[in-house]
Amino acid sequence: LLILATLTVGLVFIGLAADVIVYFSDIILIVVMACVFAFVLNPVVDFFGRVAPALPRILVVVVIYGLLFVVLAGVGLVIATQLADSIIAFSDELPSLQERVPEIVEPWQERLDDLGLQVDLVVVLDQGLTELARSSGQFVGPLQDVAFASLGVLGNLVFMIFLSLFIVIDKDNLLGFVNRVTPPRYAPEVRLFQTSVASSVGGFLRGQSIQALVLASVAAAGSLLLDIDYVPLTTALVAFFQFIPFFGPFVSWAPPVVAAILTQPDAIIWIAIIMGAGWFVTMNFVQPRVMASSVGIHPVVVLVSVLIGLRLQGFIGAIFAVPVAAVISSFFFHYLNRCLLYTSPSPRDATSHLVC
């Protein structure tokens with residue numbers, strides 16, 4: 001009964017904590033994104049500090065964050081405008097595309113029928129297009145808010161950047177305060193948390209961003225070269241899928257190829273070759289270099305973490321699940337290494353005891 005009561009109280013507490021988190025989710029998102037900016041940009045600030053040690057750190061931080069705000073506002077406005085227009089155009093042309101689906105898949109359907117595979121490509125592609133239009137339509141409103149530079153979007157962006165700026169500028173004082181208020185017995189755990197978060201979260205996000213940028217650039221260049229429609233939409237999908245760990249790279253090459261199947265059949269082979277080459281380079285040359293020491297956890301743990309993240313918070317949860325798992329893994333091995341395997345010297349009792 002005591003065990004059941006403890007579990008019940010624990011579950012109730014978790015439910016109440018989840019309600020509080022959901023209620024303050026918008027504020028928590030701003031704070032988390034500010035910390036992410038700080039983790040990602042702090043190495044850049046440190047680099048320029050080493051290159052020009054005479055410059056005050058606050059000046060370097062202000063200049064970098066000023067450029068960051070200008071770039072994010074300008075590039076975000078352009079990308080959001082193009083992406084919203086591309087999604088709207090795709091939704092408008094969806095009925096005509098669905099009418100052409102039988103004609104498009106006819107040669108592929110004949111090959112599957114010859115192989116004896118009972119797969120109706122018309123139904124599969126029609127459902128895929130409908131689901132893609134439905135999912136894309138959910139982003140039109142937020143994208144238009146960004147495109148029109150709405151006050152709420154700019155206000156959140158300014159708040160995130162300023163909060164991140166203060167975190168980076170006052171990093172040493174903040175860490176010093178945390179270390180001062182931490183009891184001495186927990187000092188190793190606090191230092192471990194700081195180092196693991198800095199390496200796992202910051203390194204993981206930087207690595208995923210570089211991979212997504214490289215493959216998205218290949219997709220955009222190939223689509224523009226071959227005159228394939230919906231370039232902003234397919235490029236954004238490539239970057240989005242590549243950013244998702246474990247599952248994303250399996251389909252990140254596909255959006256330009258699907259667009260070519262629907263709108264430019266003559267370019268299918270060429271865009272498939274371009275995306276295959278870009279994917280190969282990204283996964284075999286870019287990824288090992290940018291992710292070599294950022295996470296360092298087993299692929300099984302990555303898979304389970306991504307599944308849990310998807311279940312809890314959708315795609316956002318899948319993205320942040322891996323660095324969170326890396327931090328938890330760091331603490332697990334920290335406590336495991338503190339445990340000494342002790343073997344009793346008595347020959348009658350050779351039982352091994354795990355003594356922490």
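Procedures and definitions
Residues numbered from 1 in each chain as written. Predicted model: local features only at pLDDT ≥ 70, side-chain atom pairs only at ≥ 80, totals over all residues. Heavy atoms only, no water. Helix = DSSP H or I, 4+ residues; strand = E, 2+ residues; numbered from the N terminus. Buried < 20%, exposed > 50% of the residue type's maximum accessible area, 1.4 Å probe, protein only. Areas by Shrake-Rupley, 256 points an atom, 1.4 Å probe, with all protein chains shown as cover. Expected span 1.5 Å × (residues − 1). Core = buried A, V, L, I, M, F, W, Y, C linked by side-chain atoms within 4.5 Å. Contact = heavy atoms within 4.5 Å. Phe/Tyr/Trp six-rings, centres within 6.5 Å; stacked < 30°, edge-to-face > 60°. pLDDT = per-residue confidence, 0-100. Patch = residues over 30% accessible without salt bridge, like charges linked within 9 Å, V, L, I, M, F, W, Y side chains within 5 Å. Salt bridge = Lys/Arg side-chain N within 4 Å of Asp/Glu carboxyl O. Lys, Arg positive; Asp, Glu negative; His and termini not counted. Charge placed at Lys NZ, Arg CZ, Asp CG, Glu CD.

Any chance you could break down the overall build of the chain for me, citing the residues and the numbers?
In terms of regular secondary structure, the chain is built from 13 helices and two strands. Split into buried and exposed, the 356 residues of the chain put 32% on the buried side. Accessible area for the chain stands at about 21900 Å²; split by element, carbon and sulfur atoms hold 73% of it.

Pulling in residues and values, what's your account of helix H2 (residues 25-51)?
Helix length check: H2, at 27 residues, gives a terminal C-alpha distance of 39 Å against a target of 39 Å (1.5 Å per residue), a fit within 8%. Residues of H2 that are buried include every one of Ile 30, Ala 34, Val 36, Phe 37, Ala 38, Leu 41, Asn 42 and Val 45, and no others.

Run through unusual backbone geometry, naming residues and quoting values.
Of note in the backbone geometry, Asp 227 takes a positive phi value of approximately 60 degrees without being a glycine. Residue position: Asp 227 is located in the loop between helix H8 (187-226) and helix H9 (231-243). Judged by its relative accessible area of 55%, Asp 227 falls in the exposed class. Positive phi values are uncommon outside glycine, yet Tyr 230 reaches one of about 60 degrees. Locating Tyr 230 in the fold gives a position in the loop between H8 and H9.

Now, about the nonpolar core: what can you tell me, with residues and values included?
Ranked by size, the top nonpolar core spans 16 residues in total, and within it Phe 204, Leu 205, Phe 243, Val 306, Ile 319 and Val 322 carry the most contacts. Those elements giving two or more residues to this core turn out to be H8 and helix H13 (299-338). In contact with Phe 243, not counting residues within four places along its chain, are Leu 205, Gln 208, Ser 209, Ala 212 and Ile 319. In terms of nonpolar packing, the next biggest core, distinct from the first, is built from 15 residues, Leu 68, Leu 157, Met 160 and Ile 161 among them.

How would you explain the environment of Ala 325 if you had to name every residue and give the values?
Along the polypeptide, Ala 325 turns up in helix H13. Through-space distance from the C-alpha of Ala 325 to that of Val 304 is 9.4 Å; in sequence the pair is 21 residues apart.

Can you tell me about the packing of aromatic side chains, naming the residues and giving the values?
With the rule as written, the count across this model stands at three aromatic pairs. Between Phe 240 and Phe 241 the ring centres are 5.9 Å apart and the planes differ by 55 degrees, which places this aromatic pair in the tilted class. Exposure remark for Phe 241: the relative accessible area of 23% places this residue in the partly exposed category. Note on Phe 280 and Phe 285: the rings are 6.2 Å apart at their centroids and 70 degrees apart in plane angle, and the pair reads as edge-to-face. Judged by its relative accessible area of 43%, Phe 285 is partly exposed.

How would you sum up the confidence of the model for the chain? Please name residues and give values.
This prediction gives the chain a mean pLDDT of 76; 83% of its residues lie at or above 70. Within the chain, the element-level pLDDT minimum falls on strand S1 (residues 340-343), averaging 45, and the maximum on helix H1 (residues 2-23), averaging 85. Under a pLDDT of 50 for its full length, residues 341-347 has, in the predicted model, twelve contacts with residues more than four places off or in other chains. Confidence drops under pLDDT 50 across residues 349-356; counting only partners more than four residues distant or on other chains, this segment forms 20 contacts.

Provide a residue-level description of a negative patch on the surface, including the pertinent values.
There is a patch of like negative charges on the surface, built from Glu 103, Glu 106, Glu 110, Asp 113, Asp 114 and Asp 120. Tracing the backbone through its elements, the reader meets Glu 106 in helix H3 (residues 57-115). Look at Glu 106 and you get partly exposed, because its relative accessible area is 45%.

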